[in-house]
Structures are given as structure tokens and as C-alpha cells.
Amino acid sequence: MGFLTMDVPAFVGLAGRDLETPFAPLHTPAYVIDKARLQVNGEILAHLARRTGCKILLAQKAFSNYDFYPLLAPSLAGTEASGLYEARLGREEMRGKEVHVFCAGYREEEFPELLEYADHIVFNSVHQLKQFGPRAKAAGKSLGLRINPECSTQEGHAIYDPCAPGSRLGVTRTVWDREMDPATLELLDGLHFHTLCEQDSDALEPTLAAVEEKFGEFLPRLKWLNFGGGHHITRTGYDLDRLERLITAAQTKWGVEVYLEPGEAVALNAGYLLTRVGDLVENGGIQVAILDASAACHMPDVLEMPYLPPILGAEAGGKEGYLYRLAGPTCLAGDVVGDYAFEHPLSRGDLVILGDMAIYTTCKNNTFNGMPLPDVWSLEESGVLRRLTRFGYHEFRRRLGSPRL
Ligand SMILES: Cc1ncc(COP(=O)(O)O)c(C=O)c1O
């Protein structure tokens, strides 16, 4: 298996902290969300919003640990949801802020309740805009349509590319011309595009040009343009000046309010997954450390993207030091985090700390093989750890059948 082909981000966070004292007693696996790091991200986003007048939403699909919404709320205009439940969570937990929703397929039976929570509703097809739009408009909602500018900026990454050929996401100009009519166009307050994934603003530039070429003629009569997510704004080295220029250009040219809805950027490098070495085995000269955390269950993007997460005190794909393949305890042969060179030899019971584990983890994990769900902890700015959840056998069981206990 080739685990060494990907770029590996650096471990960020926990600098200068005494880890042994607070982390040693934690039952593993455990997610720890770092408030100080969330605060740093929030300040970068708030600064961007202040300088440009754009509005920034938290895409809850990436991070929806709502205990941290009060910390993030002052930096954000609100939340973005993928459907009814996230919309409700945003309404309940980020009080007084905007709730936006985009779903590729709204359902009749959910729509009346969705109207209670959402301020902006973005449709994925002209058909759904016609089906639900008049009701939503009558309820005072701001309506949008997701467009597909057919501008791929992600080489060889089709699973995360909404502009890949045959994509179901967003209306192409050809379909717009075939299906749109003046009365339906009248319903629209804005357009939405989401085409990026972990990208810099250099990828946004050609995307906006494609949006202008294909849909620019409609924008002057609209109120807003949502640039979607995938902007890695809080990553070191991100080109913020270019992003600001692009936002300002859209505001000036079309007179629209600009929204961004990043998920990753809000909680980038703001969480850790703590795990312990359960066993050490060897095969063909490869030392394998079997952890109590699973790639498949607790960090599924490691296998889906795929990518190598940063680990404190270890180099991903490194050749110097003590070499281990880190793997999970499930039955899946490919439940492997990757190959790492550690500064020290590993022993059974050792703590291993994986970085950048706040995003697409706690909201995406599963109990395959009856794996326990890791508890979620808050690392307070004072250094104190506070437990937010306690999961056990009941969560595993409740998802599988009737509550007969
Ligand atoms: C419509 C939409 N908005 C926002 C996001 C958030 O993207 P990211 O977490 O990469 O910033 C996504 C991610 O898939 C998305 O599909």
C-alpha cells in the first residue's frame, strides 16, 4: 500500500503545553477541541468580514460541536446547513444569527419545519425552486439557486469536485436556459456556487470568472452571491489579499452581498484525537502499532480523501527514527492511518496525539464493528479540560434497533 504519496500538513497547536498532566488520565480514544485555536481562526475570519463587508457562515457539515458556537458567533454571520437537522441546530445553538440551508433534494414532509428555521434556502434544481420556492417566498425567505460554473480546479480529486463531469450539484447554464422562466427567475434573491476543497484564492479567481461568463448577466438584479466553502482561509500562507480583492470586485461589479460558508477554515487545526497504542505487531519487517482509534470509524476522511494526518512527535512518511505503521482495531484490513517515523520507540499504552481532528470527525464518525464513539472534550483557554459528551454501549445500540432494554 502506498501511504507516502500525499502532502502532509504540519502539526499545529499544543505548543509549549504540559500534555502529560491533563491528557494522561483521559479515557481514549477522545477528541479534544482547542478553544484557543478556534479563537485564532475566528479572529482571522472576523478580520476578513470587517475589511470587506462580506458575511461568513459556519458550514456545520465540517464542524457542529455546538458547545463552541458561542465562542465562534461574534466572528460569524451565522450557520450553513445541509438539511433540516443542521438548520435546526444552527437556529437553536447560534441564537440571533442567520441560518442558511442548501440541500440537493428537499422533501415535502420536512419543508414546513425547515421554514421555521431557515432564513436563506438554496435549491439545487430549477424544478425544486418551482416546487418549493413560492411557499418559501410567501414565508419571507431569501431564495437562491446553486449554479454549476463547470470550472474544475481540483486535478484528480473528483469525489470532492462538484464541477466534475456529470455532477449532480448545481445548475449548468445549458440546463438553466432550458428550464428557467421569467416567473421562476423572479423568485430568486441570490446565486450560490460551491466548487472548491481546501483551496487557496488562486482557485477562486478562475471560478469567479466562469461564474461571470455563464451567469454574470443575472447578478446585477440579485441581492447576494454565495461563494460556498472550500476556502482554506485560516491556513498559514493563504492569499487573503487576493480573496479580499475578489470579494470587493463582486460587490462592486454586481452590487451583491457576498457570503462565504467555510467549514474547515473555521475549525482548522483546532482539535486533536487522543489514542493509545493497544498492541504492537510485526509483519515482513513492518512494525504496526494497533491503536484504540480507528481510521474507518473516527477519522473517515483519512481513508476517503485520502490523507495522512499530522501526529505530534512523528513525521508522516519519515525514514529517520522509529518507524511504525499506525492502524485501527477494526476488522478492515485497510483501517490504517499511515506510516510514521517517531522520535521515540512506541510501547503498549503510549499516548499518540493526532492533529487537525476537529473537522469532519466528530460529525462524521460511526460505530462500525461496535467501536465506541470517542468522547468530546473542550480544552479551555486556561488549559483545563472539560468533558462535553459521554458515549457508551447505548449510543451503539440505539442506532440499530428498538429500545427494548
Ligand atoms: C455547499 C457547501 N458549502 C460549504 C461546504 C464546506 O466546505 P469546507 O469545509 O471545505 O470549507 C461544503 C462542503 O462540502 C459544501 O458542500
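This is a predicted model, so every value here is computed, not measured. (Residues numbered from 1 in each chain as written. Predicted model: local features only at pLDDT ≥ 70, side-chain atom pairs only at ≥ 80, totals over all residues.)

### Focus: the domain arrangement of the protein chain
Point 1. Partitioning the protein chain into structural domains gives domain 1 (20–33 + 270–398) and domain 2 (53–267).
Point 2. Counting from both sides, the interface comprises eleven residues of domain 1 and, opposite them, ten residues of domain 2. (Domains from an automatic or database assignment. Contact = placed C-beta atoms within 7 Å.)

### Regarding the environment of arginine 397
Point 1. For arginine 397, the location among the structural elements is in helix α14 (residues 393–398).
Point 2. Sequence separation between arginine 397 and glutamate 108 is 289 residues; the distance between their C-alpha atoms is 30 Å. (Helix = DSSP H or I, 4+ residues; strand = E, 2+ residues; numbered from the N terminus.)

### Comments concerning the sheet that holds strand β9 (residues 257–260)
Point 1. A barrel is described by the order of its strands in space; here eight strands give the closed sequence β2-β3-β4-β5-β6-β7-β8-β9, paired in parallel fashion. Averaged over all pairs of adjacent strands, the angle between strand axes in this sheet comes to 25°, irrespective of strand direction.
Point 2. Sheet topology places strand β6 (residues 142–146) next to strand β7 (residues 190–192); three bridges connect them, and they run parallel. In the strand pairing of β7, arginine 146 is matched with histidine 192.
Point 3. Those strands touched by helix α6 (residues 126–138) are β5 (120–123) and β6, and its axis lies near 165° from that of β5. (Pairing = 2+ DSSP bridges. Axes fitted to C-alpha atoms, helices over the stretch in contact; angles between N-to-C directions.)

### Considering the packing of helix α2 (residues 35–52) against helix α10 (residues 240–254)
Point 1. In contact at an axis separation of 10 Å, α2 and α10 are set at 40° when each is read in the N-to-C sense. Judged on the interaxial angle alone, α10 and α2 are oblique. Seen from above, α2 lies across α10 with right-handed handedness. Between α2 and α10, the contacting residues are Leu48, Arg51 and Thr52 on the first element and Leu240, Glu244, Ile247 and Thr248 on the second.
Point 2. Considering only residue class, the contact of α2 with α10 consists of three nonpolar, two polar and two charged. (Parallel < 35°, antiparallel > 145°, perpendicular 65-115°, else oblique. Left-handed = near helix turned anticlockwise from the far one by under 90°. Nonpolar A, V, L, I, M, F, W, Y, C, P; charged D, E, K, R; others polar.)

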